[in-house]
Amino acid sequence: MTRRKWMLLIGAVALLAVGFEVVVWMNHGSRAAVEVVNDGDTTLENLVVGFGETKIALGDVGAGDSARVWLDGDRKGAVTLAFTQNRNPLTGFFLDDVDLRQLSEENLKLVIHVLPNQVMRNIEDGEAEPTPLARLWRRFVEIIKSELSYRR
């Protein structure tokens, strides 16, 4: 194949990938990050984060550590946490009126700090979750760049 045909083929594949990505994102609900930070001095055991009907088990989070989960939702709802922790009478709680759509649109994440007898929440800058197609595309571009630079 000539160089021009290769470039046309690469362009067509890129165009199809972008089109597919647009269709996937148009049909995908809002997805936002929730980070749980253990500010206590003992481990959060059997941590489970929920939103609506979805429950995600994150396991144990050591003192000073954090865990992140991506939650899907298109309307306001309650984020729930369930856990056990030595010297902490709390075994769970819920944060009402969390708007995952707004967090997603503004590229923010909800950060929940768990302390003995206390929970604090704040909003921080987030990072976009790379889709499988975006990771594949990034790898494809890296391969093409390395091939083109190798041929020079």
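Check the entry above for the structure.
The structure displayed is predicted, hence computed values, not measured ones.

Draft legend 1. Inspection of the pattern of salt bridges at higher detail. Inspection of every chain in the model, using the stated rule, returns 5 salt bridges. E35 is the partner of R68 in a salt bridge, and the nearest nitrogen-oxygen pair spans 3.2 Å. Here R68 is found in strand β4 (residues 66-72), whereas its partner E35 is found in strand β1 (residues 31-38), with 33 residues between them in sequence. Judged by its relative accessible area of 37%, R68 falls in the partly exposed class. Judged by its relative accessible area of 12%, E35 falls in the buried class. Measuring nitrogen to oxygen at the nearest pair gives 3.2 Å for the salt bridge that ties R87 to D41. Of this pair, R87 sits in the loop between β5 (76-84) and β6 (92-99) while D41 is found in the loop between β1 and β2 (44-51), placing the two residues 46 residues apart along the sequence. Neither R87 nor D41 differs from the other in exposure class; each is exposed. Among the charged side chains, a salt-bridge network with shared partners connects E35, R68 and K109.

Draft legend 2. Summary view of the pairing of β1. Most of β1 sits out of view: 7 of its 8 residues are buried. Note: β1 against β4, 7 bridges, orientation antiparallel. Looking at the pairing, E35 lines up with R68 of β4. Examined bridge by bridge, β1 and strand β7 (residues 108-115) share 6 bridges and lie parallel to one another. Its bridge partner being in β7, V36 is matched across the sheet by I112.

Draft legend 3. Region of interest: the nonpolar core. Counting residues in hydrophobic clusters, the biggest one holds 22 residues, and the most contacted among them are V49, L71, V79, L81, L110, I112 and V114. Residue assignment for this core shows that the elements contributing at least two residues are β1, β2, β4, β5, β6, α2 (100-105) and β7. With 4 residues, β2 is the largest single contributor of residues to this core.

Draft legend 4. Inspection of the environment of P116 at higher detail. Summarising the element assignment, P116 is placed in the loop between β7 and β8 (118-125). Considering only alpha carbons, one finds P116 and L90, 26 residues apart in sequence, at a separation of 7.5 Å. Among residues more than four places away in sequence, those in contact with P116 are G40, R87 and N88.

Draft legend 5. The arrangement of the sheet that holds β7 in detail. Spatially, β4-β1-β7-β8 is the arrangement adopted by the 4 strands of the open sheet, whose pairing is mixed. Among the strands making up the open sheet, the edge pair consists of β4 and β8. Averaged over neighbouring strand pairs, the angle between their axes works out to 25° when direction is ignored. Note that β7 and β8 share 8 bridges and pair antiparallel. Paired with H113 across the two strands is M120, which belongs to β8.

Draft legend 6. Structural context of unusual backbone geometry. Positive phi outside glycine occurs at R87, with the angle close to 60°. Even without a glycine there, the phi angle at D97 is positive, about 60°. For D97, the position within the fold is in strand β6.

Parameters and conventions
- Residues numbered from 1 in each chain as written.
- Predicted model: local features only at pLDDT ≥ 70, side-chain atom pairs only at ≥ 80, totals over all residues.
- Heavy atoms only, no water.
- Salt bridge = Lys/Arg side-chain N within 4 Å of Asp/Glu carboxyl O.
- Helix = DSSP H or I, 4+ residues; strand = E, 2+ residues; numbered from the N terminus.
- Buried < 20%, exposed > 50% of the residue type's maximum accessible area, 1.4 Å probe, protein only.
- Pairing = 2+ DSSP bridges.
- Core = buried A, V, L, I, M, F, W, Y, C linked by side-chain atoms within 4.5 Å.
- Contact = heavy atoms within 4.5 Å.
- Axes fitted to C-alpha atoms, helices over the stretch in contact; angles between N-to-C directions.

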